[in-house]
Amino acid sequence: MGMKAIFSHRLYKHKIDPDFVMSMTHTLRVFNQAKHFRYQADVRELRGSKAKSSVSIHQRLKQRYGLNDYYANSAVQEGRALLSAQKELKNVYMHNKKEQISAVKRKIKATKARLTTLQKIKGSFVKGTPMFNKTSREQQKGAFFVVTYKHSTRLFYCAYDFEHQHLDVEIKHLKSRLGQLNFKKDRYEEQQTQLTNKVTGVCSVVKNSHAAG
């Protein structure tokens, strides 16, 4: 399918009658105020902070901002579209937050498993009978203690060095990481709760739209 270019004339403010420019500016400002008022009215009703008015939003916009039917209808439709868009974005945010929580929980589970393995090895060293998990990267090879990584290997010549230079350091690191992961999970769950219960107001909508732009 071919592309079609539609030519148009660009208008510049300094080439238009100042009174006309001022009139357009005023119209756009009032229209945006009316659109935000219409959106915020729905937000207050959804939040339960204000009872639904007996006067239609169309009439309220006409009375409040002195709009004719065309602009009042346009403001109502724009406000409704804005609310619908926010609901769709909320669903996206909720899905993303759920994925983040699941990812953190997986990391917590893996970190706990690794920590448990090292603590068992540490306990066996304390008892004086070193024992290793068969699937652990830490193993004893003859008189040496080996830690195998993907691209390297660490070698310890005695149990003391292995216990204090590797096990103690790794256990401390994993406990710290576990605390950070739990904090992150709690923060994500709090954000998820806020998303579930929160109805976004006009200021948040404008802020989010500017950030997206």
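A few points on the structure. Owing to the predicted nature of the structure, the values given are computational and were not obtained by experimental measurement.

## A short note on the packing of aromatic side chains
Working definition: an aromatic ring pair is given by the centre-to-centre distance plus the angle between the planes.
Item 1. A full pass over the atoms with the stated rule returns 11 aromatic pairs.
Item 2. Ring geometry for Phe 31 against Tyr 71: centres 6.3 Å apart, planes inclined by 65°, an arrangement best described as edge-to-face. Here the residue Phe 31 occupies a position in helix 1 (residues 18-47), and Tyr 71 occupies one in helix 3 (residues 69-127), the gap between them amounting to 40 residues.
Item 3. Relative accessible area serves as the criterion here: at 31%, Tyr 71 is assigned to the partly exposed category.
Item 4. Judged by centre distance (6.1 Å) and plane angle (70°), the rings of Phe 37 and Tyr 65 are edge-to-face. You can see Phe 37 sitting in helix 1 and its partner Tyr 65 sitting in helix 2 (residues 57-65), a full 28 residues away along the chain.

## Structural notes on a nonpolar patch on the surface
Item 1. A cluster of nonpolar residues, Leu 89, Val 92 and Tyr 93, forms a patch on the protein surface that exposes about 230 Å² of accessible area.
Item 2. Within the element layout of this structure, Val 92 appears in helix 3.
Item 3. The class of Val 92 is partly exposed, set by a relative accessible area of 41%.

## What to know about the pattern of salt bridges
Item 1. Scanning the model with the defined rule gives seven salt bridges in all.
Item 2. Its salt-bridge partner being Glu 163, residue Lys 122 comes within 2.7 Å of it at the nearest N-O pair. Residue Lys 122 is found in helix 3, and its partner Glu 163 is found in helix 4 (residues 159-197); the two are separated by 41 residues along the sequence.
Item 3. For Lys 122, a relative accessible area of 19% translates into the label buried.
Item 4. A residue is classified by how much of its surface remains accessible, and Glu 163, at 12% relative accessible area, is buried.
Item 5. Across the pair Glu 189 and Lys 185 runs a salt bridge, and its minimum N-O distance is 3.6 Å. Here Glu 189 and its partner Lys 185 are both found in helix 4, four residues apart, which amounts to about one turn of the helix.
Item 6. The exposure class of Glu 189 is partly exposed, given its relative accessible area of 26%.
Item 7. For Lys 185, a relative accessible area of 17% puts it in the buried group.

Cut-off values and rules
Residues numbered from 1 in each chain as written. Predicted model: local features only at pLDDT ≥ 70, side-chain atom pairs only at ≥ 80, totals over all residues. Heavy atoms only, no water. Phe/Tyr/Trp six-rings, centres within 6.5 Å; stacked < 30°, edge-to-face > 60°. Helix = DSSP H or I, 4+ residues; strand = E, 2+ residues; numbered from the N terminus. Buried < 20%, exposed > 50% of the residue type's maximum accessible area, 1.4 Å probe, protein only. Patch = residues over 30% accessible without salt bridge, like charges linked within 9 Å, V, L, I, M, F, W, Y side chains within 5 Å. Areas by Shrake-Rupley, 256 points an atom, 1.4 Å probe, with all protein chains shown as cover. Salt bridge = Lys/Arg side-chain N within 4 Å of Asp/Glu carboxyl O.

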